[in-house]
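If you want the building blocks of each chain, they are given just below.
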2 protein chains.
Amino acid sequence: MSTEVSNNGVIFTKAINLGIPEIDKHFKYIKRKIKISPDVLEKDEILVRNVYLSLDPHLRNLMRSDYNLVEPFIEGNVMKASGIGIVVYSNNDQWKEGDVFLGWEEYSKISPDEAKNGLFFKKYLKEAKNDGNSLSYFLGILGMTGFTAYVGLYVFAKPKKDETIFISAAAGAVGQVLGQISKINGLRVIGSAGSDTKVDYLLKELKFDDAFNYKKINTDQALKETCPNGIDIYFDNVGGETLDIALTHLNVKARVISCGMISQYNSTTKYGVKNLSVLVSKRITIYGMLIFDHYEEHYDSFQKEMIPWLKEGKLKYKEHVVNGIENAPQAFLNIFNGKNFGKVVIKINDL
Amino acid sequence: MSTEVSNNGVIFTKAINLGIPEIDKHFKYIKRKIKISPDVLEKDEILVRNVYLSLDPHLRNLMRSDYNLVEPFIEGNVMKASGIGIVVYSNNDQWKEGDVFLGWEEYSKISPDEAKNGLFFKKYLKEAKNDGNSLSYFLGILGMTGFTAYVGLYVFAKPKKDETIFISAAAGAVGQVLGQISKINGLRVIGSAGSDTKVDYLLKELKFDDAFNYKKINTDQALKETCPNGIDIYFDNVGGETLDIALTHLNVKARVISCGMISQYNSTTKYGVKNLSVLVSKRITIYGMLIFDHYEEHYDSFQKEMIPWLKEGKLKYKEHVVNGIENAPQAFLNIFNGKNFGKVVIKINDL
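You'll find chain A entered in an unreviewed UniProt entry as 3335_t:CDS:1, with Funneliformis geosporum given as the organism.

Rendered as structure tokens:
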């Protein structure tokens, strides 16, 4: 016996290389139905009822037709993202539930390859349920963005006690976790964010040593005041002018961790960084990183270290939860103008 | 008994932060005499008759008044550089001859501190004399520039066989050594240089796999043709536009070694590098390096590896020797317009 239910979703309608995507031009919200039945599945496929979707800036790259690093989105297909769903039917021995690459829709058929990749996270998700952590945490503080902060700090920056770290987009999904684990490691932590509310949160809730609103204060002046002894680690989430200015405040043997250049993702003209010659005179290393490289080696120790910190209340975590798949395109675009506050997840269904 | 001899030299007359130094404005060649006598020396000083001076681009930084990393040149004092001199008189138990920070003059009084720093090189110089290598080699292929190539390759780039290395300013003091040790390590070696004669030398004498004249061929087009499988290591001696273009040809997990940005040293406007976002998507590391950090740990193994290669004829070496201290300013400025061909040394005196 099978039932038909709604499977509304968001279609990727048109690739865009430069500039800002528009809701009606590049996305299309569609209403449709799906038959909840084992019949819809091929061998080794699974059918998943989507609960949470993770919206992250890097999805913007997959909307480009000239992005040749990983397979971009296909025009006419449903948008995709990491997410957490409940397996409804499985033609795959290894699957009952999990974190996989889901569609921006209510139900997704997961291909055998995607199902195989998702296996890696199964045991962590089980532990999370038993621990009482919201499953959505595995899309943020215990997932890709928290893991980015962890790897950036421990694998690349290799901080020494009392060093100064400057974090741009510090109230964002990566920044807020990074700031807190930097404090745990005895660093002096400075952050920039785009609103007074966010700055207050960094100072009062996350106990940053200092923070500033880059929309109100000139970044060069603010760094002079907040980092009088210079910057040892710059965690760059934005690129562009902020990177250019931060370069001039770096100390000898400083490390720059470049994990995203959100300021450049939608721009039609690229900002030219003028201060790279300090790299030589100050022996600075810039590490470009993508988190996908590091799961196998470091994800286990990340979980083991983070979960006790969460339980002990040493880590706070702010999620920006948006309800309903129909709101995913706007929520995604809001990331680029800073209207989100914390890690953005779409809640599609109740558990 | 003492004699008076000529001690002509070049005075640094005026600091210059931006733009191109001019011979009559920033340097002054002066004729003067010095008494060759132990009387001229304070405790622990030595008096050196200068034989070779090493002219290197980084001296340009020391002509700036706003260069706060190491002590800049002092207006009114003699210009300084690494060099090799013969000790004429010594008030210092540990000195008879050596490679020290000399003045652009015929004789230099070496302060106790400089004499102490120079001790590091004494044993290598002795070995060089016994080996029949010209002492000037210790300012180039066996000295700072050769060592820069060696450290850049082994300590930072960590090459794997069959990788592609692209070297800008490949016929220069660092580039020519780097290209040859890269070939010894089984790399595919591509170089750029600013004249057909230099390109011929790279191809025919140094056996580069490919090379191009960047003044004749567009660098982007040339890299497409000479590096069809992309670049794994970019050794950047120039910065600016060449770096910007090279970034777009880098492979995943490529390494950029930034050991100088000669294109930027004299410029009045700084070039803005627009393609840094590839750092993230391709997980690229940029290492800024200064060779002074590495003598203690690596200079010994450098000497041990290089000297046999030189003896076996595996390494060729082109020096650009200019005779006479009065020609030092022009020879220095020629480095910045590419009129030199190989490592520039000033021969001040015969041995």
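S.K.: Mind showing me how you'd approach the side chain of N61 of chain A here?
M.R.: Position of N61 of chain A relative to the elements: it lies in helix α2 (residues 59–62). Ignoring anything within four residues of it in the chain, the contact list for N61 of chain A reads Y67 and Y265 of chain A.

S.K.: What should I look at first to understand the interface of chain A and chain B in this one?
M.R.: Interface size, as often reported, equals the accessible area lost upon joining of the parts. The interface of chain A with chain B comprises 30 residues on the first partner and 30 residues on the second. Carbon and sulfur atoms make up 65% of the area that chain A and chain B hide from each other, which totals about 2500 Å². If you look at where chain A meets chain B, you find four salt bridges. One salt bridge in this structure joins R283 of chain B and D293 of chain A, with 2.7 Å as the shortest N-O distance. Between chain A and chain B we count eight residue pairs in polar contact (both at pLDDT 80 or more) in total. When residues of the side of chain A that touches chain B are traced back to their parent elements, those giving at least two are β13 (250–258), α11 (278–281) and β14 (285–288) of chain A. For the side of chain A that touches chain B, the element with the highest residue contribution is β14 of chain A, accounting for four residues. Classifying every residue of the side of chain A that touches chain B gives 16 nonpolar, eight polar and six charged.

S.K.: How should I be thinking about the environment of L18 of chain B in this particular structure?
M.R.: Residues and elements named next belong to chain B. Assignment of secondary structure puts L18 in the loop between β2 (9–12) and α1 (23–26). Counting along the chain gives 253 residues from L18 to Y271, while the straight-line C-alpha distance between them is 13 Å. Those residues in contact with L18 that sit more than four places away from it in its chain are R60, N266, S267 and T268.

S.K.: What's the story with the pattern of salt bridges in this structure? I'm lost.
M.R.: Any two side chains of opposite charge can pair, so long as their charged atoms come close to each other. The full count for this structure, using the stated rule, is 34 salt bridges over all chains. The partner of K43 of chain B in a salt bridge is D44 of chain B, and the shortest N-O contact between them spans 3.3 Å. Owing to a relative accessible area of 67%, K43 of chain B belongs among the exposed residues under this scheme. Salt bridges sharing common partners tie together K253 and R283 of chain A together with D293 of chain B.

S.K.: Would you mind showing me how to read the nonpolar core here?
M.R.: When a protein is soluble and globular, its nonpolar side chains tend to lie buried together. Formed by 116 residues in total, the largest nonpolar core has its most connected members in W104, L276 and F332 of chain A together with W104, L276 and F332 of chain B. In contact with L276 of chain B, other than residues within four places in its own chain, are L243, M261, V273 and L276 of chain A together with L247 and I286 of chain B.

S.K.: Got a minute to help me understand the relation of the copies chain A and chain B in this structure?
M.R.: Each of the two chain copies can be generated from the other by rotation about an axis followed by a shift along it. Between chain A and chain B, which share one sequence, the superposing operator has a rotation angle of 180° and an axial displacement of 0.0 Å; the RMSD is 0.0 Å. With respect to symmetry, the two chain copies, as superposed, fit the operation of a two-fold axis. In terms of C-alpha distance to the rotation axis, chain A has G272 of chain A as its closest residue, with the C-alpha 1.8 Å off the axis.

S.K.: Looking at this structure, how should I read the packing of helix α5 (residues 144–157) of chain A against helix α6 (residues 173–184) of chain A?
M.R.: Angle between the axes and distance between the axes are the two parameters that describe a pair of packed helices. Residue and element names in this part refer to chain A. Where α5 contacts α6, the axes come no closer than 8 Å and their chain directions differ by 45°. Considered as vectors, α5 and α6 are oriented oblique to each other. Taken as a pair, α5 and α6 cross one another with a handedness that is right-handed. Residue-level inspection shows T145, G146, T148, A149, Y150, L153 and Y154 of α5 in contact with α6, the latter providing A173, V174, V177, L178, I181 and S182. Taken together, the residues of the contact of α5 with α6 break down into nine nonpolar, four polar and no charged.

S.K.: Where do I start with helix α7 (residues 196–205) of chain B in this structure?
M.R.: The α-helix advances 3.6 residues per turn, and as a result positions three or four apart in sequence lie on the same side. All names here are of chain B. For α7, the complete set of buried residues consists of K198, V199, Y201 and L202. Angular distribution of buried residues about the axis of α7 spans 155°; they occupy a single face of the element. Residues of α7 that are exposed and point more than 90 degrees away from the buried face comprise T197 and K204. Summarising the contacts, the buried residues of α7 are in contact with α6 (173–184), β10 (188–193) and β11 (210–213).

S.K.: How should I be thinking about the pairing of strand β16 (residues 343–347) of chain B in this particular structure?
M.R.: In summary, the side chains of a regular strand alternate between the two faces of the sheet. All names here are of chain B. Here β16 lies mainly inside the structure; four of its five residues are buried. Two strands pair when backbone bridges link them, and strand β5 (residues 46–54) and β16 are joined in this way by three bridges, in the antiparallel orientation. From the neighbouring strand, Y52 faces β16, where its bridge partner is K347. Handedness of the strand β15 (residues 319–323)-helix α13 (residues 328–336)-β16 crossover: right-handed.

S.K.: In this structure, what is going on with the side chain of Q180 of chain A? I would like to understand it.
M.R.: Residues and elements named next belong to chain A. Relative to the assigned elements, Q180 resides in helix α6. Residue Q180 is classed as buried on the basis of its relative accessible area of 5%. Apart from the residues lying within four places of it in its own chain, the contact partners of Q180 are L206, K314, L315 and K316.

S.K.: How should the sheet that holds β13 of chain A be read in this particular structure?
M.R.: Strand pairing in a sheet relies on backbone hydrogen bonds. The paired strands run either parallel or antiparallel. The twelve strands lie next to each other as β11(A)-β10(A)-β9(A)-β12(A)-β13(A)-β14(A)-β14(B)-β13(B)-β12(B)-β9(B)-β10(B)-β11(B), forming an open sheet whose pairing is mixed. Every interior strand has two partners, whereas the edge strands, β11 (210–213) of chain A together with β11 of chain B, have only one. Across the sheet, the axes of successive neighbouring strands diverge by a mean angle of 15°, strand direction being ignored. Where strand β13 (residues 250–258) of chain B and strand β14 (residues 285–288) of chain B come together, four bridges link them in parallel fashion. In the sheet register, S258 of chain B faces β14 of chain B, and the bridge partner there is G288 of chain B. In the packing of α7 of chain B onto the sheet, the strands contacted are β10 and β11 of chain B, and the crossing angle to β11 of chain B comes to about 175°. Against the sheet, helix α8 (residues 219–226) of chain B touches β9 (164–167), β10, β11 and β12 (231–236) of chain B, its axis set at about 165° to β11 of chain B.

S.K.: What is the right way to read the packing of aromatic side chains from this model?
M.R.: Centre-to-centre distance and the angle between the planes together describe a pair of aromatic rings. Residues and elements named next belong to chain A. As enumerated under the stated definition, the model contains 48 aromatic pairs over all chains in all. Ring geometry for F27 versus F332: centroids 6.4 Å apart, planes at 80°, classification edge-to-face. In this pair, F27 sits in strand β3 (residues 27–30) while F332 sits in helix α13 (residues 328–336), placing the two residues 305 residues apart along the sequence. The class of F332 is buried, set by a relative accessible area of 0%. Feature note: the residues F120, F121, Y124, F147, Y150, Y154, Y295, Y299 and F302 constitute an aromatic cluster, connected by ring pairs. Taking NZ or CZ as reference, K318 lies 4.8 Å from the ring centre of F341, over its face.

S.K.: Mind showing me how you'd approach unusual backbone geometry here?
M.R.: In most cases, non-glycine residues show a negative phi, while peptide bonds are predominantly trans. Residues and elements named next belong to chain B. Positive phi, close to 70°, is recorded for D44, a residue that is not glycine. With respect to the element layout, D44 can be found in the loop between β4 (33–36) and β5. We classify D44 as partly exposed; its relative accessible area is 26%. Its identity is not glycine, yet K207 carries a phi of approximately 60°, on the positive side.

S.K.: Honestly, the packing of α5 of chain A against helix α12 (residues 295–311) of chain A in this entry has me stumped. Any pointers?
M.R.: All names here are of chain A. Contact geometry for α5 and α12: axes closest at 10 Å, N-to-C directions at 105°. In terms of orientation, α5 and α12 fall into the roughly perpendicular class. Contacts between α5 and α12 involve M144, G146, F147, Y150, V151, Y154 and V155 from the former and Y295, H298, Y299, S301, F302, E305 and W309 from the latter. Residue composition of the contact of α5 with α12, by class: ten nonpolar, three polar and one charged.

About the thresholds
Residues numbered from 1 in each chain as written. Chains lettered and ligands numbered in written order. Predicted model: local features only at pLDDT ≥ 70, side-chain atom pairs only at ≥ 80, totals over all residues. Heavy atoms only, no water. Helix = DSSP H or I, 4+ residues; strand = E, 2+ residues; numbered from the N terminus. Contact = heavy atoms within 4.5 Å. Buried area = accessible area lost by both parts, 1.4 Å probe. Salt bridge = Lys/Arg side-chain N within 4 Å of Asp/Glu carboxyl O. Polar contact = N/O pair within 3.5 Å; in protein donor to acceptor, adjacent residues only side chain to side chain. Nonpolar A, V, L, I, M, F, W, Y, C, P; charged D, E, K, R; others polar. Buried < 20%, exposed > 50% of the residue type's maximum accessible area, 1.4 Å probe, protein only. Core = buried A, V, L, I, M, F, W, Y, C linked by side-chain atoms within 4.5 Å. Least-squares fit on C-alpha atoms with pLDDT ≥ 70 in both. Axes fitted to C-alpha atoms, helices over the stretch in contact; angles between N-to-C directions. Parallel < 35°, antiparallel > 145°, perpendicular 65-115°, else oblique. Left-handed = near helix turned anticlockwise from the far one by under 90°. Arc of directions from axis to C-beta. Pairing = 2+ DSSP bridges. Right-handed = clockwise from strand over helix to strand, strands pointing away. Phe/Tyr/Trp six-rings, centres within 6.5 Å; stacked < 30°, edge-to-face > 60°. Lys NZ or Arg CZ within 6 Å of the ring centre and 35° of its normal.

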